[in-house]
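# Summary of structural features
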Amino acid sequence: MLLKGDDLVFFVNGKKITEKNAEPEKTLLTYLRRNLGLTGTKLGCAEGGCGACTVMVSKYHPHQNRIIHYAVNACLAPLCSLHHCAVTTVEGIGSMASKLHPVQERIAKAHGSQCGFCTPGIVMSMYALLRNNPQPSMHDVQEAFQGNLCRCTGYRPILEGYRSFTKDGGCCGGKAQSNGCCMTNEHTQEHVNVTQKLYDQSEFMPLDPTQEIIFPPELMVLSKQPQRELRFAGERVLWIQPCSLEELLELKATYPNAKLVVGNTEVGIEMKFKNLFYPVILAPAYIPELNIIQNTQDGIQVGASVTLTVLGDVLRAAVKKLPAHQTEVFKAVLEQLRWFAGQQIRNVAAVGGNIMTASPISDLNPVFMAASCKLTVMSKGTTFIFPVQGSKVVAFHDLIQNTEGQYFSAFKQSPRKEDDIAIVTCGMNVFFKEQSNIVQSIRISYGGMAPVTVLATATCNRLLNRQWNEELLEEACTSLAEEMSLSPSAPGGMVTYRRTLTISLFYKFFLNVQHKLSLDLLKEVFNIVFFVVVLFQLDSPSSVQLYQAVPPGYSDDVVGQPIMHLSALKQATGEAIYCDDIPCYENELHLALVTSTKAHALIKSIDTSDAMAVPGVVAFISAKDIPGSNMTGPVVYDETVTCVGHIVGAIVADTQAHAQRAAKAVKISYEELQPVIVTIQDAIANKSFFQPVRSIERGDVAQGFKDSDHILHGEMHIGGQEQFYLETNCTLAVPRGEDGEMELFVSTQSASKTQALVAKALGVSANRVVCRVKRMGGGFGGKESRSTILSTVVAVAAHTVKRPVRCMLDRDEDMLVTGGRHPFFGHYKVGYMNNGRVMALEVTLYSNAGNSLDLSLSRALFHMDNSYNIPNIRATGYVCKTNLPSNSAFRGFGGPQGMMIAESWMSDVALSCGLPAEEVHTATFSLSQSISTSGQFHHRSQHRWTKRGLSIIPTKFGISFTAVFLNQAGALVLVYSDGSVLLTHGGTEMGQGLHTKMVQVASKTLGIPCSKIHITETSTNTVPNTSPTAASASSDLNGMAIYNACQTLLQRLQPYKDKNPKGCWEDWVKAAYFDRVHLSANGFYKTPDLGYDFETNSGRPFNYFSYGVAVSEVEIDCLTGSHKNLHTSIVMDVGKSLNPALDIGQVEGGFMQGLGLFTLEELRYSPDGYLYTRGPGMYKIPAFGDIPIELKVSLLRDAPNEKAIFSSKAVGEPPLFLAASVFYAIKDAITAARAESNLTGPFRLDSPATPERIRNACEDKFTKLVCSNFHC
Ligand SMILES: Cc1cc2nc3c(=O)[nH]c(=O)nc-3n(C[C@H](O)[C@H](O)[C@H](O)COP(=O)(O)OP(=O)(O)OC[C@H]3O[C@@H](n4cnc5c(N)ncnc54)[C@H](O)[C@@H]3O)c2cc1C
Ligand code: FES
Ligand code: FES
């Protein structure tokens, strides 16, 4: 196309940019990162779901004569939408080099940044909030983060750090009442050296709103000038921004197929992920007529380009001003907006966009439909109301306000409360005859029950002229069960649940209306109603963290101090460099993977002709380009593909956009093969197992069952989990041009494995390949082995084209190709006594490994008894070979699944005996009773539809790699003549704070301050043959190796210390240097006496165990299956903590990942192995609102561990399983709900305990109604 377009004028961080070739297909994020080199803004998902790309946009509103600031997702914001806007990125508000902004300082000092990849986005969400509201409430802060995700911290430290900006300035109002709460006595500790202070709030810089960068005056002037139509012409797309409704209608007539784009939150997704292409885009965001908001006789008229944030503000003002009975619809819209995406989306997404998307799960359409709102639709020369067709645009939307005698509610049910799309959403509107409870008219609409929003017309007709009473309720429910039917194979699944929800939500509406009617007509309240009609609230969280302080007199000892993560400040300013932030080489190329769309097939042919015709494409890389061995990597050409997402080849091009476009144009023809094995059940049926099948046996199992009073059988399935590190896999491969040398910058936990596999693929020896890892934006096991499938391909491509090649996978690609945590299925037979004591156990565990063994021989068998002492036990583990991408390591590595199944049989035994679970636990416990919590708990709610549950769960986690050879580590310590120390060890930094702890270890050993010690990176040319940073063992192993190296150096320096005892470190180093002493030392460590023999069932698999216990209390809504995490108390044994802040960070972060595993995260596949859940839109990890309302974390005191460095213990993986306490608290609450329907005894609850599973397990008259109508 390449027409001459207008100049795009905007500002970034106060600097004017005039872009002469604005590309309509380019997002602001790509422009910032690639054109301006502002890499502080991160890419986490490209679909508006993680907030890592959050920036602030400011613009002058000429009609309101004010400047508005709002957070946006740069990944969805089209560059062309920013004309006359000012963009502020994380680099623009502060830096280490100049001055930090308080928002950056506080998140870092409060330990709210671990891997740091989410941090700039969170900083910018908070910054945008403070620009609009310098003294927000805690609720405002929580709302500002609805669109941000963090996978590491567990959110608590971020909220606590930012609480200091709120009106109450850091006080939780006594909700954390107990140890450490400022409203209780701080000195009530039995041990004086127990403290809760992880940082000193008094050190925080004050917020001074007058110091913020000002809105560019030039933009103010430009914005006041009369606007004219703008055109930006790109490579393939023309972007036109009209400035009047008339112009827009004219353009739409000229380009009938042109796409209108306002917020781009729908169209952006279509173009990126659905491969849709729109050559002409019309952008009506700034058309004054479409931004109109005016009161009319019936209600409020809203222009189609009005954003959801503005709509919310307008409705909130109306609710304040108008009488309550007139604002029911407004309140219902506000309720839907509360849970509509995150703020970044609501700030740009328009009302018209939501209506016109006509999504079946639109949150607003059911409300508009039930409220009979009016829509004005226009084309050139015509204005009419419905139906919407062809070349028309939506101009206005009339929101109807209520009259007396009318009641309205809206409900949305989604897997996660915050920022999630609905499963079922609805609007319900009833109008009564004057001063009566007789229905005059009623409209009930549902989203999520058909391809479009639907009205339950038949049901509504049946309710006309009926009294609002129990009979009406019964009639309505029966009718809805018939009318809202779904075929068993309906898209979206969850058929029983969705159908039950239509009735349950109506029941809520019924109670709601009954409550209001009773107030309006009878002037009295039915108490029972209140519990149900209360809307879900995001409570302000409170927390306490306790640890044993370094004893007085040891304040110089950095080990044991809650030192901030050494990169935290850089992470908060965007200055920390991740793999994809490395500046581009001049001749660099980008790579995109070509992957299989079939789960099991033979590749017949690959046609790359269309792909090679895409501009900028340099090469298609396939197996024939591999100079070395193809046995290591999946770049294959003529082989069987064994999963959807199997890497078949790769395209290399000048830009990522071109590479990705070309990769999609590669045509592969397949011959499909059978069988396609997806689930564990498929694998069992096909006997598709990897070898070896392992088993562990102890005692006399047959005798144990004979001696038992009772025997029960049970089963449990635990779903898989995506690691969802915020930084996806990334590799930059740079051929060095001589002797086959290749330098790799990789986001990996396994530098040595990367080096070895690349060397093998290139056919060179390992000494020609250097792998360098600065830091990762999270790993969690997902970058232990699976990162190599990308790094090997990129290295082969770089070798082939002889130029640097880079690839950072998009989120959907990463989720597709890399696999995750293994799903597990267990069945068990348990022999137990009347008092609940378990005498014998037989467990069979199956894990879904996917298409390769990878790291699938997990530790589940070793953890299948959790913390219990079962005298007679037999466990067998099968590793299922399926047609899914290979699953791999993930925090806990099978341990959590093994323990989860243990707690399932424990729960079954307790329910069978009718005893409290704690009593049965105690009867079989193997742990010291000293690990116990001291929480105070609420009584179970007795209300019919809201139940509370409580659970206490222990954990015992073995520390060591189960592959013995990996239990080794090396370190290299270089002391320079100025006394500074460069430390290198085998571990990688992925946010867990390993480098910080290692600097602390070196500092204590050498007796010098941390500030003299620096770690640059992990690299294979400094420490060879490193083990992956995994198994929680890295601080144990590398810490000992560093200690060993430092001891060598100390011995060499000792003579100079002896000679000059009053001297300092620098003096001794200098003296040694001049005396020609070697000031560099290697250190090495291997864990002694390890090894387990499965043949003889003997040996020592672990160096030691880490213990912990958690108690959680939840509340479930029995009608919807939602739950609230009310309280969690954790006691964790980390030995003598190396760094309590980092350790508590690991405990809380691990717990929250476990919470996701056991209550929220669900990977969904089609029967032919296609992964549906490929991004934050579909796959929900815990968000800010999911943390327990009260969270107490204590590190066990007086528990030194002689088997690891400075008496510490490993911490990374063990706490994750403690989130099982939330799962079993939910099960406890369900038990109470089932008792209301006279259901007692064991029942199966699979993990995760999603709203669907909870609701289906709470059997009642509504579930029966659906099942009687449908074969459940
Ligand atoms: C992370 C994320 C979370 C989301 N969460 C939710 C949610 O919770 N609930 C929900 O309902 N939706 C959700 N959405 C969907 C989306 O945000 C909404 O539908 C939004 O209102 C679309 O508005 P937009 O301005 O961004 O639309 P755009 O993407 O700009 O346009 C959407 C469609 O509307 C058409 N259109 C826009 N304006 C007009 C007009 N004036 N006349 C005719 N056609 C027009 C466009 O041509 C296009 O087809 C989410 C999206 C994302 C990315
Ligand atoms: S990268 Fe933009 S929201 Fe995730
Ligand atoms: S610190 Fe938030 S994702 Fe890592």
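Scoring rules and cut-offs
Residues numbered from 1 in each chain as written. Chains lettered and ligands numbered in written order. Predicted model: local features only at pLDDT ≥ 70, side-chain atom pairs only at ≥ 80, totals over all residues. Heavy atoms only, no water. UniProt positions renumbered as here; feature names shortened; annotations may be inferred. Helix = DSSP H or I, 4+ residues; strand = E, 2+ residues; numbered from the N terminus. Contact = heavy atoms within 4.5 Å. Polar contact = N/O pair within 3.5 Å; in protein donor to acceptor, adjacent residues only side chain to side chain. Core = buried A, V, L, I, M, F, W, Y, C linked by side-chain atoms within 4.5 Å. Buried < 20%, exposed > 50% of the residue type's maximum accessible area, 1.4 Å probe, protein only. Phe/Tyr/Trp six-rings, centres within 6.5 Å; stacked < 30°, edge-to-face > 60°. Lys NZ or Arg CZ within 6 Å of the ring centre and 35° of its normal. Pairing = 2+ DSSP bridges. Axes fitted to C-alpha atoms, helices over the stretch in contact; angles between N-to-C directions. Parallel < 35°, antiparallel > 145°, perpendicular 65-115°, else oblique. Left-handed = near helix turned anticlockwise from the far one by under 90°. pLDDT = per-residue confidence, 0-100. Nonpolar A, V, L, I, M, F, W, Y, C, P; charged D, E, K, R; others polar.

The protein chain appears in an unreviewed UniProt entry as Xanthine dehydrogenase/oxidase from Cyprinus carpio. The UniProt entry for the protein chain carries this comment under Sequence similarities (unreviewed entry): "Belongs to the xanthine dehydrogenase family." What UniProt records for the protein chain under Subcellular location (unreviewed entry) is the sentence "Peroxisome".

Before going further, it helps to examine the environment of aspartate 1133. By the element assignment, aspartate 1133 lies in the loop between strand S45 (1123-1132) and helix H32 (1140-1159). Separated by 27 residues in sequence, aspartate 1133 and serine 1106 have C-alpha atoms that sit 6.0 Å apart. Discounting chain neighbours no more than four positions away, the residues touching aspartate 1133 are Phe1105, Ser1106, Tyr1107, Leu1196, Ala1199 and Lys1209. Looking at aspartate 1133, its side chain comes within polar contact range of the side chain of lysine 1209, at 2.5 Å.

For the rest of this paragraph, the subject is the nonpolar core. Counting 177 residues, the largest nonpolar core has Tyr162, Tyr446, Trp468, Phe506 and Trp905 as its most contacted members. Considering each element in turn, this core owes the most residues, twelve residues, to helix H17 (residues 495-522). Aside from chain neighbours lying at most four places away, what touches tyrosine 446 is Val424, Thr425, Cys426, Met428, Val452, Thr453, Val454, Ala456, Leu480, Met484, Thr502 and Phe506. In terms of nonpolar packing, the next biggest core, distinct from the first, is built from 66 residues, Leu76, Val87, Leu311 and Phe368 among them.

The next subject is the packing of aromatic side chains. The full count for this structure, using the stated rule, is 33 aromatic pairs. Counting every residue linked through ring pairs, the aromatic cluster contains Tyr407, Phe432, Trp468, Phe506, Phe509 and Phe510. Residue placement shows lysine 1004 over the ring face of phenylalanine 1206; its charged tip is 4.9 Å from the ring centre.

The feature "binding site: Mo-molybdopterin" (unreviewed entry), as annotated in UniProt, sits at Gln749, Phe780, Arg891 and Ala1031 in this numbering. Separation in sequence by 283 residues is not matched in space for these annotated residues, since their most distant C-alpha atoms are only 12.6 Å apart. With respect to the element layout, glutamine 749 can be found in the loop between strand S30 (742-746) and helix H24 (751-762). Among the residues examined, glutamine 749 registers a relative accessible area of 2% and is labelled buried. Not counting residues within four places of it along the chain, the set of residues in contact with glutamine 749 comprises Met776, Gly779, Phe780, Gly781, Gly782, Lys783, Glu784, Thr988, Met990, Pro1028 and Thr1029. Structurally, arginine 891 can be placed in the loop between strand S35 (872-881) and helix H27 (895-913).

This part is about the sheet that holds strand S7 (residues 230-233). The sheet built from four strands is open, its strands ordered S7-S8-S10-S9 with mixed pairing. Each edge of the open sheet carries a strand with a single partner, namely S7 and strand S9 (259-260). Both S7 and strand S8 (residues 238-241) contribute to a ladder of four bridges, which runs antiparallel. Bridge pairing links alanine 233 to leucine 238 in S8. In the packing of helix H8 (residues 245-254) onto the sheet, contacts are made with S7, S8, S9 and strand S10 (280-282), and the angle to S10 comes to roughly 160°.

Most of helix H3 (residues 102-109) sits inside the fold, with seven of its eight residues counted as buried. Listing the buried residues of H3 in full gives Pro102, Val103, Gln104, Glu105, Arg106, Ile107 and Ala108. Contacts from the buried residues of H3 go to helix H2 (90-93), helix H4 (119-132), helix H6 (156-163) and helix H19 (568-573). Phi turns positive, to about 65°, at histidine 111, one or two residues after H3.

It is worth spelling out unusual backbone geometry at this point. A cis amide bond, omega 0°, links glutamine 691 with the succeeding residue proline 692. Its place among the elements puts proline 692 in strand S27 (residues 689-698). Of note, the bond from serine 1247 into proline 1248 is cis; its omega dihedral lies within 30 degrees of zero at 5°. Along the polypeptide, proline 1248 turns up in the loop between helix H33 (1220-1236) and helix H34 (1251-1257).

One way to put it is that helix H16 (residues 470-483) packs onto H17 with a least axis distance of 9 Å and a crossing angle of 160°. Put simply, H16 runs roughly antiparallel to H17. As H16 packs across H17, the resulting crossing turns out to be right-handed. Taken together, the residues of H17 that come into contact with H16 (itself represented by Glu470, Leu472, Leu473, Ala476, Cys477, Leu480 and Ala481) are Arg499, Thr502, Ile503, Phe506, Tyr507, Phe510 and Gln514.

What follows is about the confidence of the model for the protein chain. Any region with low pLDDT has predicted coordinates that should not be read closely. Of all residues in the protein chain, 93% have pLDDT values of 70 or greater, and the mean over the chain is 92. Here residues 633-638 is modelled with pLDDT under 50, and outside its nearest four sequence neighbours on either side it reaches 22 contacts, counting other chains as well. Segment residues 927-939 is flagged for pLDDT under 50; beyond a separation of four residues in sequence, or across chains, it makes 24 contacts in the model.

To continue, consider the packing of H24 against helix H25 (residues 787-801). At a minimum axis distance of 9 Å, the contact between H24 and H25 shows a crossing angle of 40°. In terms of orientation, H24 lies oblique with respect to H25. In terms of crossing hand, the pair formed by H24 and H25 is right-handed. Contact with H24, carried on its side by Lys753, Thr754, Leu757, Val758, Ala761 and Leu762, involves Thr788, Ser791, Thr792, Ala795, Val796 and His799 of H25 and no other residues of that element. Class assignment of the residues belonging to the contact of H24 with H25 gives a composition of six nonpolar, five polar and one charged.

Among the structural elements, glutamine 146 can be located in the loop between helix H5 (138-144) and H6. Glutamine 146 sits 563 residues away from aspartate 709 along the chain, and the two C-alpha atoms are 52 Å apart. Setting aside residues up to four positions removed in sequence, glutamine 146 forms contacts with Arg338, Trp339, Ala341, Gly342, Arg346, Glu418, Asp419 and Leu538. A distance of 3.0 Å separates a polar atom in the side chain of glutamine 146 from a polar atom in the side chain of arginine 346.

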